[in-house]
Amino acid sequence: TTRRRRTTTRRRKGSKDKNNKNKKKSYQQQGRRRRRIRKKKEDMESKMGNGGGNSSEKIKIKIKTAMDNLREDVKALAVPCEIPRISGESLTALQFHRDYVAKNQPVIITGCLSSWPAMRKWQDVNYLATRLQHQKVTVDLTPDGYGDSVTPDGSTFVTPAQQKMPFGRFAHMLTNPQPGVVAYCQKQNGNFNEEFKPLIQDTKRIDWAFDAFGAEPDAVNMWIGDQRSVSSLHRDPYENVYCVIKGQKRFTLLPPTDGVYLAEQEFPGAQYRLTNQEKRTTTTTTTATAATTTASLANDTKQQQQRRRRRRR
């Protein structure tokens, strides 16, 4: 029995010595790890500025350099130098979805609207005025054509003044443009089926688009304007098939990697109004500082003020 106890005692002593050695080894490993991290940090600081200056600024520079490199790599791999142009006469739903929709690849498709009566009839604004005659449409009005955009002085985000008017009056504003007022028909959320019903028979279903998306469109919109109308930079959560009936439309597209360079920020809200006295658009805003435009100042709605307060919190 005594021998066994001595053996047990020796084992315990040996176990304790082993634990002490493991702890010592662990402390040594942690020390080496800390020294390696410290050395890496010193090497990075020396490379970025010989060890001097504000380290946070240097880290920002390093991050920006890495983002620039990533941006260029993504553009080289995934973003085409030119938007492809294809014929829509033989385009199938499978080809459209596989080659463009699934890849988020913009594409220009030609010849797919040749069977639309609108391609012939809508070239004449008098035809539209006759068909729509007393039909009221929603028109956006701005002094410079820039709707939903920041004012030139960078102080306010301003939305267009909206006015319901007979289409004939809107057509007159397009054919007889006046300085200080730019009219643009661009109401969202399905205005074509609501305000342009007499023109539906001039269009046809785009089969390959409907089959590729597997559903009817959530909204069909009608845009009518002149060369002064500009839509500001924005993100659109929907897949879009944009059909140009007359004139031309220029799109500026940015790849997702450029999002970090857009410097998004919040602005006080404002809206243009059309005054009968001045016959020009003016703006309403919540700021006390006057903008450097010809806009006059007034109070914004309480709802918009409360919404902005929530955002700030």
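Residues numbered from 1 in each chain as written. Predicted model: local features only at pLDDT ≥ 70, side-chain atom pairs only at ≥ 80, totals over all residues. Heavy atoms only, no water.

**Q** Looking at this model, I keep getting lost on the sheet that holds strand 8 (residues 182-184). Mind explaining?
**A** Working definition: the strands of a sheet are paired by backbone hydrogen bonds and lie parallel or antiparallel to each other. Pairing in this open sheet of three strands is antiparallel, and the strands run 7-3-8 from one edge to the other. Looking along the sheet, the strands with just one partner apiece sit at the ends: strand 7 (161-166) and strand 8. Shown here is a sheet whose adjacent strand axes are inclined to one another by a mean of 40°, direction ignored. One ladder, built from six bridges, connects strand 3 (residues 136-142) with strand 7; its direction is antiparallel. Across the sheet, Val-137 pairs through a bridge with Met-165, a residue of strand 7. (Pairing = 2+ DSSP bridges. Helix = DSSP H or I, 4+ residues; strand = E, 2+ residues; numbered from the N terminus. Axes fitted to C-alpha atoms, helices over the stretch in contact; angles between N-to-C directions.)

**Q** Is there a simple way to think about the pattern of salt bridges in this case?
**A** When the charged atoms of two side chains lie near each other, side chains of opposite charge can form a pair. Evaluation of the coordinates by the stated rule reveals nine salt bridges. In this structure, Arg-98 engages Asp-99 in a salt bridge whose closest nitrogen and oxygen atoms are separated by 2.9 Å. Classification of Arg-98 by relative accessible area gives partly exposed; the value is 47%. Accessibility expressed as a relative area gives 22% for Asp-99, which makes it partly exposed. The salt bridge involving Asp-207 is made with Arg-205; its shortest N-O contact spans 3.1 Å. Given the relative accessible area of 44%, Asp-207 is considered partly exposed. You can call Arg-205 partly exposed: its relative accessible area is 42%. Linked by salt bridges that have partners in common, Lys-164, Lys-187, Glu-194 and Glu-195 make up one network. (Salt bridge = Lys/Arg side-chain N within 4 Å of Asp/Glu carboxyl O. Buried < 20%, exposed > 50% of the residue type's maximum accessible area, 1.4 Å probe, protein only.)

Worth remembering: the numbers are spatial, not functional.
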